[in-house]
Amino acid sequence: MRRRTAAFFDVDGTVINVTSMFRFLEFRLAAEGHPPSAYRYERQRLKAMTAAGVPRAETNRAYFASYAGADVRAIAALAEEWFRAELDRGDFFNEQVVETLRAHQRAGDLIVLVSGSFRGCLAPIARYLDADIVVCSDPATAHGRYTGRVERPMIGEAKAEAVRTLTTTARLDLTASTSYGDHSSDLPLLRLTGRAVVVGEDPEMREQARRYGWTVWPRLHPAQDSQLAHSRRPRS
């Protein structure tokens, strides 16, 4: 049986111009009636962890702690509102990457989103793009609510391991496949495929691109982690 080719896309900073987890967190906290300072506190807490050298997988775990007790269905519904608001706001997608994703679809490639974000937040993005598979962090749930824990953040080597597993089950040809990413945590994924594209200006990523002969694309619309224009409670 002939193996199928695939296109693997990191999401935050690659397919979209923002960090979905933080933009959604801001939207969610506002929708729950928290003041803007609640988001600023949580954002600074996680930034401080990064600045202190805490591994990205651990900051990912710390992020999901704030979801403890949240209703899974309510979060999914709120994520749909958030996504519509982002589309209304504009400049959400990296159009160059999306156009390339569409070209992969026309060529018959399997479209796989590989992200440290979580399924509730990624579902409307995946549906909009008509992606085939979403590989992501899966926060633990119990009785329809998030527990605040995630066992295996989809960061770094975890992305490569998940893609290797998928390659076996879906009979993919990695040497003929392509991957896209913007951050050093995407490197294990990019090194798996026969072709790779670095999106953005990250110096380490550009150095790796020179080393491996990968393509480099500038980020057409640099993302800014500023407050959302719609950080007040979303419309019902």
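As annotated in an unreviewed UniProt entry, the protein carries the name HAD-IB family hydrolase and is attributed to Streptomyces cinnabarinus. In UniProt, the protein has this text filed under Sequence similarities (unreviewed entry): "Belongs to the HAD-like hydrolase superfamily. SerB family."

Tell me what's going on with the overall build of the protein, and back it up with residues and numbers.
A count of helical and extended segments in the protein gives nine helices and eight strands. Compactness check: the protein gives a C-alpha radius of gyration of 17 Å against a globular reference of 18 Å for 236 residues, within 12% of the reference. Taken along the three principal axes of its C-alpha coordinates, the protein extends 50 × 40 × 35 Å. Looking at the protein as a whole, 50% of its 236 residues qualify as buried. Within the protein, residue pairs in contact and separated by at least 24 positions form 64% of the contacts whose partners lie at least 6 positions apart. Looking at the protein as shown, the accessible area adds up to about 11300 Å², and 50% of this sits on carbon and sulfur atoms.

Talk me through the packing of aromatic side chains; I want residue IDs and the actual numbers.
By the definition in use, this model includes 19 aromatic pairs. Aromatic side chains Phe92 and Phe93 sit 5.1 Å apart centroid to centroid with 80 degrees between the ring planes, which places their arrangement in the edge-to-face category. With relative accessibility at 3%, the residue Phe92 sits in the buried group. Taken together, the aromatic side chains of Phe22, Phe24, Tyr63, Phe64, Tyr67, Trp82, Phe83, Phe92, Phe93, Phe118, Tyr128 and Tyr146 make up a single cluster linked through ring pairs. Against the face of Tyr67 rests Arg28, its NZ or CZ located 4.3 Å from the ring centre. Positioned above the aromatic ring of Phe22 is the side chain of Arg43, whose terminal nitrogen or guanidinium carbon lies 3.8 Å from the ring centre.

I'd love a proper account of the nonpolar core, names of residues and values included.
Formed by 48 residues in total, the largest nonpolar core has its most connected members in Phe9, Phe24, Tyr63, Tyr67, Phe93, Phe118 and Ile125. Among the elements that line this core, the one with the most residues is helix 1 (residues 20-31), at seven residues. Apart from residues no more than four positions distant in its own chain, Ile125 is found in contact with Val11, Ile16, Trp82, Phe83, Phe92 and Phe93.

Any details on the side chain of Ser177? Residues and values, ideally.
Looking at the element boundaries, Ser177 is found in the loop between helix 7 (157-170) and strand 6 (178-181). You can call Ser177 buried: its relative accessible area is 0%. In this structure the side chain of Ser177 is engaged in a polar contact, spanning 2.9 Å, whose partner is the backbone nitrogen of Ala6. Within polar-contact distance, the side chain of Ser177 engages the backbone oxygen of Asp173 at 2.7 Å. Leave out the neighbours within four places in its chain, and Ser177 touches Thr5, Ala6, Phe8, Thr193, Gly194 and Arg195.

So what's going on with the sheet that holds strand 6? Residues and values would help.
As summarised here, the arrangement of the six strands in space is 3-2-1-6-7-8, forming an open sheet in which the pairing is parallel. The two strands at the open ends of the sheet, each matched to only one other strand, are strand 3 (133-137) and strand 8 (215-217). Neighbour to neighbour, the strand axes of the sheet diverge by 20 degrees on average, direction disregarded. Relative to strand 6, strand 1 (residues 6-9) runs parallel, the two sharing three bridges. Bridge assignment links Ala7 to a residue of strand 6, and that residue is Thr178. Against the sheet, helix 7 engages strand 1, strand 2 (110-118) and strand 3, with an angle of about 145 degrees to strand 2.

Cut-off values and rules
- Residues numbered from 1 in each chain as written.
- Predicted model: local features only at pLDDT ≥ 70, side-chain atom pairs only at ≥ 80, totals over all residues.
- Heavy atoms only, no water.
- UniProt positions renumbered as here; feature names shortened; annotations may be inferred.
- Helix = DSSP H or I, 4+ residues; strand = E, 2+ residues; numbered from the N terminus.
- Rg over C-alpha atoms; globule rule 2.2 N^0.38 Å.
- Buried < 20%, exposed > 50% of the residue type's maximum accessible area, 1.4 Å probe, protein only.
- Contact = heavy atoms within 4.5 Å.
- Areas by Shrake-Rupley, 256 points an atom, 1.4 Å probe, with all protein chains shown as cover.
- Phe/Tyr/Trp six-rings, centres within 6.5 Å; stacked < 30°, edge-to-face > 60°.
- Lys NZ or Arg CZ within 6 Å of the ring centre and 35° of its normal.
- Core = buried A, V, L, I, M, F, W, Y, C linked by side-chain atoms within 4.5 Å.
- Polar contact = N/O pair within 3.5 Å; in protein donor to acceptor, adjacent residues only side chain to side chain.
- Pairing = 2+ DSSP bridges.
- Axes fitted to C-alpha atoms, helices over the stretch in contact; angles between N-to-C directions.

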